[in-house]
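Structural description and commentary
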Amino acid sequence: MSLHDDAVLVLKELKEPKEPKECDSQEELRGLYLDHLAAHPDGMWKACEAGHVTASALVIDPERGKVLLTLHRKLNMWLQMGGHCEPVDRTLAGAALREATEESGIPDLTLLPGGPVQLDRHPIPAPCNWHLDVQYAALAQAGALERISDESLDLRWFGFEEAAEVADGSVLRLIERTRAALRAQA
């Protein structure tokens, strides 16, 4: 199965979360992503100028009630780990886990069961137009030590509420959806 096929399968199986509610409909985004992939066989790759699917993961230490955010080198914003899919990626989940591991420097991360936590579509500068981000949550072992990568200006653990002081709405929605997914599994 190709990465493109895996992404289509993941998106088709994605369920609308029950909480928290916000103005962006995950169901509408799911349809938009599926339409994009149907129209663009190269829609998984950075070279697709109409936009491309990306994979990210919020690194979380649930025992300490903290999330690890990266101060992105190019955007100068506190974000979750993530980025472009690469030819070595066999699955979307694998791409998200690879990105989280590379950017956090934390080995042995595991994805929160249940698939992606949310979808987020955001504009990017030309020549490409859109990132169609599929966002997962990655669990860090208690006491995990981060290591900064070349893609980051900084890495820092933030308490759930503390993250609201530095992160944008997309990251805050991802944190809330991750916390809801953790509660649902408890």
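Values in this document were obtained by computation on a predicted structure and should not be read as measured data.

1. Thoughts on the packing of helix α1 (residues 3-13) against helix α2 (residues 26-39)
Look at α1 against α2: their axes get within 10 Å of each other, and the N-to-C directions meet at 155°. Relative to α2, α1 is oriented roughly antiparallel. The element α1 and its partner α2 pack so that their crossing is left-handed. Only R30, Y33, L34 and L37 of α2 make contact with α1, whose side of the interface consists of H4, A7, V8, L11 and K12. Classifying every residue of the contact of α1 with α2 by side-chain character gives six nonpolar, one polar and two charged.

2. Concerning the packing of aromatic side chains
To describe a pair of aromatic rings, one takes the distance between the centres and the angle between the planes. All told, the structure shown has one aromatic pair when counted by the stated rule. Considering the side-chain rings of W78 and F158, the 5.1 Å spacing of their centres and the 80° angle between planes classify their relative orientation as edge-to-face. Remark: F158 occurs in strand β8 (residues 152-159) and W78 occurs in strand β3 (residues 78-79); sequence separation between them is 80 residues. Taken as a pair, W78 and F158 share a single burial class, namely buried. Between the NZ or CZ atom of R64 and the centre of the ring of W157, over which it lies, the distance is 4.8 Å.

3. Regarding the side chain of S170
Relative to the helices and strands, S170 is located in helix α4 (residues 169-185). At 3.3 Å, the side chain of S170 forms a polar contact with the side chain of D120. Contacts of S170, omitting those with residues within four sequence positions, involve Q118, D120 and Q135.

4. Digging into the pattern of salt bridges
Within this structure, the stated rule accounts for ten salt bridges. Here E176 and R179 are joined by a salt bridge, their closest N and O atoms 3.5 Å apart. Here E176 pairs with R179, and both are found in helix α4, just three residues apart, close to one helical turn. Relative accessible area serves as the criterion here: at 33%, E176 is assigned to the partly exposed category. Members of the salt-bridge network, linked through shared partners, are E86, D89, R98, E99 and E102.

5. Quick word on α2
Relative to the 20 Å expected for 14 residues at 1.5 Å per residue, α2 spans 20 Å between its end C-alpha atoms, a close match to the ideal helical length. All of the buried residues in α2 are Q26, L29, R30, Y33, L34, H36 and L37. Projected onto a plane normal to the axis of α2, the buried residues spread over an arc of 160° and lie on a single side. Across α2 from its buried face, at more than 90 degrees, point the exposed residues E28, D35, A38 and A39. Buried residues along α2 sit in contact with α1, β1 (52-61), β6 (118-123), β7 (130-139) and α4. One side-chain oxygen at the N-terminal end of α2 lies 3.3 Å from the backbone nitrogen of E27; it belongs to S25.

6. Some words on the nonpolar core
M44, V59, L92 and V134 are the most contacted members of the largest nonpolar core, which totals 33 residues. Contributing elements (two or more residues each) for this core: α1, α2, β1, α3 (92-104), β7 and β8. Here the element with the most residues in this core is α1; it accounts for five residues. Other than its neighbours up to four places away in sequence, L92 contacts L3, D6, A7, V10, M44, V53, A55, C85, V134 and Y136.

Here is what the cut-offs are and how they apply
- Residues numbered from 1 in each chain as written.
- Predicted model: local features only at pLDDT ≥ 70, side-chain atom pairs only at ≥ 80, totals over all residues.
- Heavy atoms only, no water.
- Axes fitted to C-alpha atoms, helices over the stretch in contact; angles between N-to-C directions.
- Helix = DSSP H or I, 4+ residues; strand = E, 2+ residues; numbered from the N terminus.
- Parallel < 35°, antiparallel > 145°, perpendicular 65-115°, else oblique.
- Left-handed = near helix turned anticlockwise from the far one by under 90°.
- Contact = heavy atoms within 4.5 Å.
- Nonpolar A, V, L, I, M, F, W, Y, C, P; charged D, E, K, R; others polar.
- Phe/Tyr/Trp six-rings, centres within 6.5 Å; stacked < 30°, edge-to-face > 60°.
- Buried < 20%, exposed > 50% of the residue type's maximum accessible area, 1.4 Å probe, protein only.
- Lys NZ or Arg CZ within 6 Å of the ring centre and 35° of its normal.
- Polar contact = N/O pair within 3.5 Å; in protein donor to acceptor, adjacent residues only side chain to side chain.
- Salt bridge = Lys/Arg side-chain N within 4 Å of Asp/Glu carboxyl O.
- Expected span 1.5 Å × (residues − 1).
- Arc of directions from axis to C-beta.
- Core = buried A, V, L, I, M, F, W, Y, C linked by side-chain atoms within 4.5 Å.

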